[in-house]
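In case you want the letters, here they are:
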Amino acid sequence: TTEIYTLSLHDALPILLIVHGNATVETNGTVGADALSSSGSGLGSFTCGNGSGGSHGGYGGLSVCGAPLGILYDSFAAPSVSGSPGGGPLNGRGGGVVKMVVDGTLSLSGSISANGGSGGVSPSGGNSAPPSSGGGSGGSVYLVAGTLLGGGTITANGGPANNLGGGGGGGG
């Protein structure tokens, strides 16, 4: 018997999949919580027109003018918290949370992800560089399986910077 429960796909709430038996994520299949979080303890900051990347399991990147970084938080052994947005008006959102428990074998040929979103660039007037926002930090992927097979990917990467903003930090 296979039971799949999806709690939510909204900000900062986890995607929880529980499978009593075997599960397969096929090639081009995705279990994704990318860029779902607009909150988090490691929020990037925005100074001098440029934002730093959000932090989570790793620090976000500095902006060109050194906007302060957010704090590191969560557990490396059992990550369970969403990522943080970067700093700035067009900040990349942090990655969400995926928790997947498979009693039997998980065959992974596709992807499981909780990546942060890209920072954006606001329009500029005149000759000055446009304001740049930081990328969001990666969220959390917590995977428990009896056996894991396949060549798929599991990621919780920070989102890239755009122009002069900082990139997001890694997730858990």
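Residues numbered from 1 in each chain as written. Predicted model: local features only at pLDDT ≥ 70, side-chain atom pairs only at ≥ 80, totals over all residues. Heavy atoms only, no water.

(A) Molecular detail of the state of the cysteines. Under the defined criterion, the tally for this structure stands at one disulfide. The disulfide bridge from Cys 48 ends at Cys 65, spanning 1.6 Å between sulfur atoms. Because the torsion about its S-S bond is -100°, the bridge between Cys 48 and Cys 65 counts as left-handed. Of the two residues, Cys 48 is situated in the loop between strand E4 (46-47) and strand E5 (50-51) and Cys 65 in the loop between E5 and strand E6 (97-108); the sequence distance between them amounts to 17 residues. (Disulfide = S-S within 2.5 Å. Helix = DSSP H or I, 4+ residues; strand = E, 2+ residues; numbered from the N terminus.)

(B) Fine view of the side chain of Ser 133. With respect to the secondary-structure elements, Ser 133 resides in the loop between strand E7 (111-113) and strand E8 (140-149). By relative accessible area, which is 0% here, Ser 133 ends up buried. Separated by 2.9 Å, the side chain of Ser 133 and the backbone nitrogen of Leu 90 make a polar contact. Apart from residues lying up to four places away in sequence, Ser 133 is in contact with Gly 51, Gly 87, Gly 88, Pro 89, Leu 90, Asn 91, Gly 119, Gly 120, Asn 162 and Gly 165. (Buried < 20%, exposed > 50% of the residue type's maximum accessible area, 1.4 Å probe, protein only. Polar contact = N/O pair within 3.5 Å; in protein donor to acceptor, adjacent residues only side chain to side chain. Contact = heavy atoms within 4.5 Å.)

(C) Highlighting a nonpolar patch on the surface. A cluster of nonpolar side chains, namely Tyr 59, Leu 62, Leu 69 and Leu 72, defines an oily patch on the protein surface of about 390 Å² accessible area. By secondary structure assignment, the location of Leu 62 is in the loop between E5 and E6. (Patch = residues over 30% accessible without salt bridge, like charges linked within 9 Å, V, L, I, M, F, W, Y side chains within 5 Å. Areas by Shrake-Rupley, 256 points an atom, 1.4 Å probe, with all protein chains shown as cover. Salt bridge = Lys/Arg side-chain N within 4 Å of Asp/Glu carboxyl O.)

(D) Region of interest: the sheet that holds strand E3 (residues 30-32). The three strands lie next to each other as E3-E7-E9, forming an open sheet whose pairing is parallel. At either end of the open sheet lies a strand with only one pairing partner, and these are E3 and strand E9 (153-155). Across the sheet, the mean angle from the axis of one strand to that of its neighbour is 5°, orientation sign disregarded. As judged from the three bridges shared by E7 and E9, these two strands associate in the parallel manner. Bridging from a neighbouring strand, Ser 113 pairs with Thr 155 of E9. (Pairing = 2+ DSSP bridges. Axes fitted to C-alpha atoms, helices over the stretch in contact; angles between N-to-C directions.)

(E) A look at the nonpolar core. Val 25, Val 31, Met 100, Val 102, Leu 106 and Ile 112 are the most contacted members of the largest nonpolar core, which totals 15 residues. Breaking this core down by element, the ones donating at least two residues are strand E1 (15-19), strand E2 (23-25) and E6. With five residues, E6 is the single largest residue contributor to this core. Residues within four places of Val 25 in sequence aside, it is in contact with Thr 30, Val 31, Met 100, Leu 106, Ser 107, Leu 108, Ser 109, Gly 110 and Ser 111. (Core = buried A, V, L, I, M, F, W, Y, C linked by side-chain atoms within 4.5 Å.)

(F) Main features of the side chain of Ser 37. Along the chain, Ser 37 falls in the loop between E3 and E4. A distance of 2.6 Å separates a polar side-chain atom of Ser 37 from the backbone oxygen of Ser 39.

(G) Representation of unusual backbone geometry within the structure. Backbone geometry places Asn 28, a non-glycine residue, at a positive phi of 70°. Note on placement: Asn 28 falls in the loop between E2 and E3. The class for Asn 28 is exposed, based on a relative accessible area of 76%.

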